[in-house]
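Survey of secondary and tertiary structure
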Amino acid sequence: MNSLRAPISKILTWSCVDGPGNRMVLFMQGCNFNCATCHNPHTIGQCDSCGECLPVCEPKALSLVDGRIAFELSVCTQCDACLEVCPISANPMVRSYTVQEILDLLHEHAGFLSGITISGGEATMQLPFIRNLFTAMGEDADLRHLTRFIDSNGHLGPIAWKSVLEVTDGVLLDIKAFDPELHVHLTERSNARSLASARLLHEAGKLYELRFLLVPDATDRDEEIDKLIEFVQSLDGSVRLKLNAFRTHGVRGTAARWPAMKKERVEAAAERLVQAGLGPVELPALW
């Protein structure tokens with residue numbers, strides 16, 4: 001089913017921070033979390049063609065056609081003014097791609113890539129697309145050497161995970177918080193499925209990396225680090241960990257006024273993880 005389509009907010013043809021090696025990254029549009037700390041909030045919602053973006057689009061790359069927002073890529077100057085005014089955190093510049101179009105793009109760049117990572121928004125909201133794309137890659141002699149990764153918040157049930165893991169090489173899983181109330185405060189969702197997903201993926205040998213965002217006076221607290229250590233130890237401790245640091249770049253709402261995470265606090269958290277016998281532990285590449 002290479003004609004299957006998915007809404008994609010952005011495509012990076014080269015990235016070294018979204019899994020091992022040089023990777024193509026697809027940022028799917030739409031998310032089932034509403035994270036206060038999201039630095040790509042325009043990937044959360046789905047455009048409802050309200051038209052609020054039209055007056056601020058000076059190059060007129062956006063227009064209303066038959067009641068729907070139309071986007072003309074060749075005219076766009078990528079000023080992103082439309083993203084700033086959208087009342088529902090959507091992206092009117094989203095493009096719909098078929099599986100075949102992504103396969104063609106992979107063929108074009110395959111010589112420079114180690115693999116592909118499907119990110120978001122939340123990647124698993126487009127699970128049929130991912131399953132078909134990854135299956136097609138595995139059946140293509142020129143693409144089957146590329147590793148296939150999913151970057152996810154883990155809010156997916158076990159049956160759905162098992163439907164795609166056979167064609168998936170690894171998952172980058174974000175745990176937003178361990179305290180249930182704190183997790184709801186930060187994401188508006190429970191963390192039960194995310195924690196269950198981590199266990200399922202580890203048992204299946206597909207948990208490539210567990211990611212944890214350190215937010216000042218929230219997830220950087222000793223109690224949260226203790227729970228992170230306890231959780232990873234329950235997975236036998238053999239989990240690659242990545243600590244991310246909260247910054248305000250791109251963040252909207254009240255969290256835009258929160259303090260940025262300090263490097264010393266991140267390094268202190270990493271040291272605690274290492275002393276607990278966990279790791280490897282990766283720190284943010286840039287500050």
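Residue positions are given per chain, counting from 1 as you read along its sequence in written order. Only residues with pLDDT of 70 or above have their local features reported here, since the model is predicted, and side-chain atom pairs are shown and tallied only from 80 upward, although totals for entire chains, interfaces and linings are computed over all residues. Heavy atoms throughout the structure, all of them, feed into the side-chain values; hydrogens and water do not.

A tally of helices and strands in the protein yields 8 helices and 11 strands. Radius of gyration: C-alpha atoms only; globule rule: 2.2 Å multiplied by the number of residues to the exponent 0.38. Against the 2.2 N^0.38 benchmark of 19 Å for 287 residues, the protein shows a C-alpha radius of gyration of 19 Å, consistent with a compact globule. For the protein, the spread of C-alpha atoms along the three principal axes comes to 60 × 50 × 35 Å. Of all 287 residues assigned to the protein, the portion counted as buried reaches 49%. Within the protein, contacts between residues separated by at least 24 positions form 67% of all contacts whose residues are at least 6 apart in sequence. The protein chains shown are the only cover counted for residues, whose accessible areas, like all others here, come from Shrake-Rupley with a 1.4 Å probe. Here the protein has roughly 13700 Å² of accessible surface; of this, 51% comes from carbon and sulfur atoms. Averaging the locations of the 27 positively and 36 negatively charged side chains of the protein gives two centres separated by 1 Å. A helix here means a DSSP run of H or I that spans at least four residues, while a strand means a run of E at least two residues long, and both kinds are numbered starting from the N terminus. Here the term buried applies to any residue with accessible area under 20% of the maximum for its type, exposed to any over 50%, and partly exposed to those in between, with areas from a 1.4 Å probe on protein chains only. The contact definition used throughout considers only heavy atoms, calling two residues in contact when any of these lie within 4.5 Å. Here the positive residues are Lys and Arg and the negative ones are Asp and Glu; neither His nor the chain ends is included. Charge placement uses NZ in Lys and CZ in Arg. For Asp and Glu, CG and CD serve respectively.

Buried residues of helix 4 (residues 158-165): Trp-161, Val-164 and Leu-165, and no others. Down the axis of helix 4, the buried set is contained in an arc of 105°. They therefore lie on one face. In this structure, helix 4 carries Ile-159 and Lys-162 as exposed residues pointing more than 90 degrees from its buried face. Of the surrounding elements, those touching the buried residues of helix 4 are helix 3 (127-139), strand 7 (147-152), strand 8 (170-175) and helix 6 (192-203). Read the arc as the range of directions from the helix axis to the C-beta atoms.

Okay, the sheet that holds strand 9 (residues 207-214) next. Criterion used throughout: strands pair if DSSP finds at least two bridges between them. With respect to topology, 9 strands assemble into an open sheet ordered 5-1-2-6-7-8-9-10-11, the strand pairing being mixed. Either end of the sheet is taken by a strand with one partner, and the two such strands are strand 5 (95-98) and strand 11 (281-282). Both strand 2 (residues 23-28) and strand 6 (residues 115-119) contribute to a ladder of 5 bridges, which runs parallel. Opposite Val-25, over in strand 6, you have Thr-117 as the bridge partner. Note on geometry: axes are C-alpha line fits, over the in-contact stretch for helices, and angles between N-to-C directions span 0 to 180 degrees. Running over the sheet, helix 2 (residues 99-109) touches strand 1 (5-15), strand 2, strand 5 and strand 6 and is turned about 80° from strand 5.

This paragraph deals with the pairing of strand 4 (residues 68-71). Pairing analysis gives 4 bridges linking strand 3 (residues 62-65) to strand 4, with the strands arranged antiparallel. Paired with Leu-62 across the two strands is Phe-71, which belongs to strand 4. Count of turn residues in the strand 3/strand 4 antiparallel hairpin: 2 residues, of which Asp-66 carries a positive phi of about 55°.

The subject of this paragraph is the side chain of Ser-197. Looking at the element boundaries, Ser-197 is found in helix 6. Separated by 2.6 Å, the side chain of Ser-197 and the backbone oxygen of Gly-154 make a polar contact. In this view, Ser-197 contacts Gly-154, Leu-156, Trp-161 and Leu-173; residues no more than four positions away in its chain are not counted. In protein, a polar contact means a hydrogen-donor-capable atom and an acceptor-capable atom, both N or O and within 3.5 Å, with residues adjacent in sequence counting only if both atoms are side-chain atoms; elsewhere, any N or O pair within 3.5 Å suffices.

What a helix should span is 1.5 Å times the count of its residues minus one. Along its 12 residues, helix 6 runs 17 Å from first to last C-alpha, staying within 8% of the 16 Å computed at 1.5 Å per residue. Within helix 6, burial applies to Ser-194, Leu-195, Ser-197, Ala-198, Leu-200, Leu-201 and His-202. Residues of helix 6 that are buried in the fold lie against helix 4, strand 8, strand 9 and helix 7 (222-234). Residue Gly-205 follows helix 6 closely and has a positive phi angle near 75°.

Another aspect to go through is the packing of aromatic side chains. Under the pairing criterion, centres of Phe, Tyr and Trp rings, with the six-membered ring standing for Trp, must be within 6.5 Å; the plane angle then separates stacked pairs below 30 degrees from edge-to-face pairs above 60, leaving the rest tilted. Tallying each qualifying case throughout the model produces 4 aromatic pairs. Aromatic side chains Phe-178 and Phe-212 sit 5.6 Å apart centroid to centroid with 40° between the ring planes, which places their arrangement in the tilted category. Here Phe-178 is found in the loop between strand 8 and helix 5 (180-187), whereas its partner Phe-212 is found in strand 9, with 34 residues between them in sequence. Just as Phe-178 is buried, Phe-212 falls in that class too. Ring geometry for Phe-246 versus Trp-258: centroids 6.0 Å apart, planes at 55°, classification tilted. In this pair, Phe-246 is assigned in the loop between strand 10 (241-245) and helix 8 (263-275) and Trp-258 in the loop between strand 10 and helix 8, connecting sequence segments 12 residues apart. For Trp-258, a relative accessible area of 24% translates into the label partly exposed.

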